[in-house]
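Here is what each chain is made of, one letter per residue.
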Amino acid sequence: MNTKKKFQQPVVASDTVADLSAKLLEANKKLQIAERERTLMLENISHDLRAPLTAIRSTVDYMKEKSKDGVLNFPDEERKAMLNLLDARTRTLEALISDLYYMTCIESGREEFNLNKVPLSQFLEEYFFAAELDEKYDNYKLVLEVPEDLDVIVNIDVAKLSRVLDNLFINARKYSDEGSTIALGAGVDGENVFFYVKDNGQGIPKESLPYIFDRTYRVSGARTPSKETSSGLGLSIVKTIVENHGGSVECRSELGKGSTFTVTIPVADRQ
């Protein structure tokens, strides 16, 4: 004769329940924070898209209003000014959409990291010499501060870490006057190696430093040069790429004296 096994309530220690509850609460908080950041980022992007689109629409409407039978009857100076405006606003849109897509691909995992072991000094020097040939930096003094005896090997995606340097160099140029110095240096700290991009430009307010790598952070209009085309996502992309290399990035800055962005990644080997 079969007898049914009596169900017994499993005994769970009270401290285990408390620990699980705390972990669930922590996970819920993280989800809420992520959702708030996502919402704020979308609000910022909508704002950033609206401004150039409004300028483009206003210019097109004006041109249509002033045209006759499809022919634009404008003085040369006015026509040139409108074309320059359209070009500038279009480049702003292109930069924003390109950077947003790139960052989304990295964070979602669709953009794979092709890691290879390379000498860090060689990587930095090759980037530096290419920057010296870039006309964007013709009116800036570029300085290489990589030690000759730097003998570490790093495991990196060369293209993506070059993107990190691109963003840091562009950021340094953007907030420095012509004639300013932009330096690229490196060093070893125990099991890690670091490289930095340093400028003697405007600097960043102390209260802003904890937030400059956030996707939701907006730089004040007073600090952002009007001549520059930027998505505002450059430092967020830097942080995302560096963290995918098992590293970290930090900034030290002082108003009126400049900024130093330092990237730290693990050492893979020695030469």
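Summary of the structure given here. (Residues numbered from 1 in each chain as written. Predicted model: local features only at pLDDT ≥ 70, side-chain atom pairs only at ≥ 80, totals over all residues. Heavy atoms only, no water.)

## Considering the packing of aromatic side chains
Argument step 1. Within this structure, the stated rule accounts for four aromatic pairs.
Argument step 2. Ring pairs connect the aromatic residues Tyr-127, Tyr-137 and Phe-169, which therefore count as one cluster.
Argument step 3. The residue whose ring lies beneath Lys-160 is Phe-113, and the NZ or CZ to ring-centre distance is 5.0 Å.
Argument step 4. The positively charged end of Arg-163 is found above the aromatic ring belonging to Tyr-102, 4.1 Å away from the centroid. (Phe/Tyr/Trp six-rings, centres within 6.5 Å; stacked < 30°, edge-to-face > 60°. Lys NZ or Arg CZ within 6 Å of the ring centre and 35° of its normal.)

## Topic: the pattern of salt bridges
For side chains bearing opposite charge, pairing can occur when the charged atoms are close.
Argument step 1. For the structure on display, the rule yields eight salt bridges.
Argument step 2. Across the pair Glu-145 and Lys-198 runs a salt bridge, and its minimum N-O distance is 3.6 Å. Here the residue Glu-145 occupies a position in strand β2 (residues 141–145), and Lys-198 occupies one in strand β5 (residues 192–199), the gap between them amounting to 53 residues.
Argument step 3. Among the residues examined, Lys-198 registers a relative accessible area of 33% and is labelled partly exposed. (Salt bridge = Lys/Arg side-chain N within 4 Å of Asp/Glu carboxyl O. Helix = DSSP H or I, 4+ residues; strand = E, 2+ residues; numbered from the N terminus. Buried < 20%, exposed > 50% of the residue type's maximum accessible area, 1.4 Å probe, protein only.)

## Concerning the environment of Leu-49
Argument step 1. Position of Leu-49 relative to the elements: it lies in helix α1 (residues 14–66).
Argument step 2. For Leu-49, a relative accessible area of 25% corresponds to the partly exposed category.
Argument step 3. Along the backbone, Leu-49 and Leu-96 are 47 residues apart, and their C-alpha atoms lie at a distance of 8.0 Å.
Argument step 4. Leu-49 has contacts with Leu-93, Leu-96 and Ile-97, leaving out every residue within four places of it along the chain. (Contact = heavy atoms within 4.5 Å.)

## Some details on the environment of Leu-120
Argument step 1. With respect to the secondary-structure elements, Leu-120 resides in helix α3 (residues 120–132).
Argument step 2. Using a relative accessible area of 0% as the deciding quantity, one classes Leu-120 as buried.
Argument step 3. With 67 residues separating them in the primary sequence, Leu-120 and Gly-187 have C-alpha atoms 10.0 Å apart.

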